[in-house]
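Analysis of the macromolecular model
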Amino acid sequence: MTDDVRNIVLGVIATALSGGFGWFSRTYLWRRALRRKQAFFGLPTGSDCLFVVNRQMGGTDASLHRNDAFALLEISALIKDCGANVQIVTHDTARQGFGERAEFCVGGPASNTRTTAHLSSMLPGVQFDVGLETGHPDRGSIRIGEERYRWEKGMVEHVLLARLTTDQGSRPVFLLSGQTANSNQAAARYLAKHHQRLARKYGGSSFCILLKVINSDAYGPDVTELLADVTGPARTPAAAAV
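About the thresholds
Here the residue index of a chain counts from 1 through its sequence in written order. Given that the model is predicted, a residue must reach a pLDDT of at least 70 before its local features are reported, and side-chain atom pairs must reach 80 or more before they are shown or counted; all residues, however, enter totals for whole chains, interfaces and linings. The side-chain numbers reported here are obtained from all heavy atoms of the structure, hydrogens and water having been left aside. Secondary structure elements are defined from DSSP: runs of H or I of at least 4 residues count as helices, runs of E of at least 2 residues count as strands, and each element is numbered from the N terminus. The cut-offs for exposure are 20% and 50% of the maximum accessible area for each residue type, with area from a 1.4 Å probe on protein chains only; residues under the lower value are buried, those over the upper are exposed, and the others partly exposed. Residue contacts are counted whenever heavy atoms from the two residues lie within 4.5 Å of one another. Each accessible area is a Shrake-Rupley result for a 1.4 Å probe, and residues are judged covered by the shown protein chains and nothing else. Only Phe, Tyr and Trp rings are paired, with Trp represented by its six-membered ring, and only when their centres lie within 6.5 Å; those with planes under 30 degrees apart are stacked, over 60 edge-to-face, the remainder tilted. By this definition, two strands are paired if DSSP reports at least two bridges between them. To define axes, lines are fitted to C-alpha atoms, for helices over the stretch in contact only, and angles between the resulting N-to-C directions are given on a 0 to 180 degree scale. Each residue after the first adds 1.5 Å to the expected span of a helix. For this analysis, a salt bridge means a side-chain nitrogen from Lys or Arg found within 4 Å of a carboxyl oxygen belonging to Asp or Glu. Side-chain atoms alone can form a polar contact between residues adjacent in sequence; in general such a contact is a pair of N or O atoms within 3.5 Å, and within protein one must be able to donate a hydrogen while the other accepts it. To form a nonpolar core, buried Ala, Val, Leu, Ile, Met, Phe, Trp, Tyr and Cys residues must be joined to one another through side-chain atoms within 4.5 Å.

For the rest of this paragraph, the subject is the overall build of the protein chain. Looking only at helices and strands, one finds seven helices and 10 strands in the protein chain. The 242 residues of the protein chain split such that 43% are buried. Long-range pairs, those at least 24 residues apart, make up 65% of the contacts in the protein chain with a sequence separation of at least 6. For the protein chain, the computed accessible surface area is about 12900 Å², with 54% contributed by carbon and sulfur atoms.

Attention now goes to the packing of aromatic side chains. Under the definition given, this model contains seven aromatic pairs. Plain terms: the ring middles of Phe40 and Phe41 are 5.1 Å apart, the flat faces sit at 75° to each other, and that makes the pair edge-to-face. Comparing Phe40 with Phe41 shows no difference in burial state: the two are buried. An aromatic cluster is defined as three or more aromatic residues linked by ring pairs; in this entry it consists of Phe40, Phe41, Phe104, Phe174, Tyr202 and Phe207.

Now for the sheet that holds strand S6 (residues 147-149). Read from one edge of the open sheet, three strands run S4-S5-S6, paired in antiparallel fashion. One side of each edge strand has no neighbouring strand; the edge strands of this open sheet are strand S4 (126-128) and S6. Between one strand and the next, the sheet's axes are offset by a mean angle of 20°, whatever the strand orientation. Relative to S6, strand S5 (residues 142-144) is paired through three bridges, and the arrangement is antiparallel.

What follows is about the pairing of strand S3 (residues 102-106). Among the five residues of S3, five are classified as buried, and the element is accordingly described as predominantly covered. The sheet contact formed by strand S1 (residues 48-53) and S3 spans four bridges and is parallel. Bridging across to S3, Phe51 finds its partner in Phe104. Of the pairings in the sheet, the one linking S3 to strand S8 (residues 173-178) comprises four bridges and is parallel in character. Among the inter-strand pairings, Glu103 is bridged to a residue of S8, identified as Val173.

Turning our eyes to something else, we now look at helix H4 (residues 181-202). Between its first and last C-alpha, H4 extends only 26 Å over 22 residues, short of the 32 Å set by a 1.5 Å rise per residue. Looking one or two residues past H4, Gly203 carries a phi angle of roughly 60°, positive in sign.

A word on the pattern of salt bridges. Overall, the coordinates contain six salt bridges when judged by the stated rule. The residue Lys37 makes a salt bridge to Asp81 at a minimum N-O spacing of 3.5 Å. On the criterion of sequence distance, the pair formed by Lys37 in helix H1 (residues 3-41) and Asp81 in helix H2 (residues 66-81) is long-range, its members being 44 residues apart. For Lys37, a relative accessible area of 17% gives the class buried. Using a relative accessible area of 46% as the deciding quantity, one classes Asp81 as partly exposed.

Mapped onto the fold, Ser183 is located in helix H4. Looking at Ser183, its side chain comes within polar contact range of the main-chain nitrogen of Gln179, at 3.2 Å. The contact partners of Ser183, leaving out residues within four places of it in the chain, are Glu157, His158, Val159, Gly178 and Val213.

This brings us to the nonpolar core. Counting 29 residues, the largest nonpolar core has Phe41, Leu43, Phe104 and Leu191 as its most contacted members. Those elements that provide at least two residues to this core are H1, S1, H2, S3, strand S7 (156-164), S8, H4 and strand S9 (207-214). With sequence-adjacent residues up to four places away left out, Phe104 is seen in contact with Phe41, Leu43, Cys49, Leu50, Phe51, Val52, Ile75, Ile79, Phe174 and Leu191. Counting 21 residues, the second-largest nonpolar core is a separate cluster that includes Val52, Leu119, Ile144 and Leu175.

With respect to the helices and strands, Lys193 occurs in helix H4. Residue classification places Lys193 among the exposed residues on the basis of a relative accessible area of 67%.

We now examine the sheet that holds S9. Spatial strand order, S2-S1-S3-S8-S7-S9-S10: seven strands in an open sheet with mixed pairing. Strand pairing shows two members of the sheet lacking a second neighbour, strand S2 (85-90) and strand S10 (224-229), which therefore form its edges. In this sheet, adjacent strand axes meet at a mean angle of 20° when their direction is disregarded. Pairing of S9 with S10, which is carried by five bridges, proceeds in the antiparallel orientation. Pairing of Leu210 across the sheet is with Ala228, part of S10.

Bear in mind that shape data such as this cannot, by itself, settle questions of function.
Next comes the structure, spelled out in structure tokens:
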């Protein structure tokens, strides 16, 4: 074997080894990221999850606001990435417990009775002022502990994004509960974009954060910022927080 042939053979072997190592590294990193995503969402491959949809405010029980449908699409992409299956149910037919399957629940208590149940049992420090008369400055506001977050139509909207578990190892409930359908979609988009950062910060623990959607008339759900981590006051009963 001449030196030229030997160099060619060694070059081919080195290229193959380098390519194989690169492929192995990329595959390993991809699988590790997938496992972390599945653990955060409680969606192992082949598992089932529940997506609870609300009704459109002012519509029939079977109607769904366009932005809430977009929120469903945002979250469905996450579920598909994890290799899980989704069952879509309306809020008034989801009569079952939680913890056995991951759940995504979208909408405020005025349009989703399942949200009302989750707030009462797992976030007792949160109240939505939905019973006030039209024109009242606090109508639609969210109270968390001693703080109140008002809704300014078309300008400022707020939405809770929470990951809730009851026991170690139970599947989480993701609650996306906003003042408008637009803010619900903003929370879904925020979750899809920032789930890795949330997983690094909170791991498998429960959390509740408040997001602020800015100038929705101009920007829709696209301009959203993290306003506060409200896990503590949200999980403290209102009477005890006073």
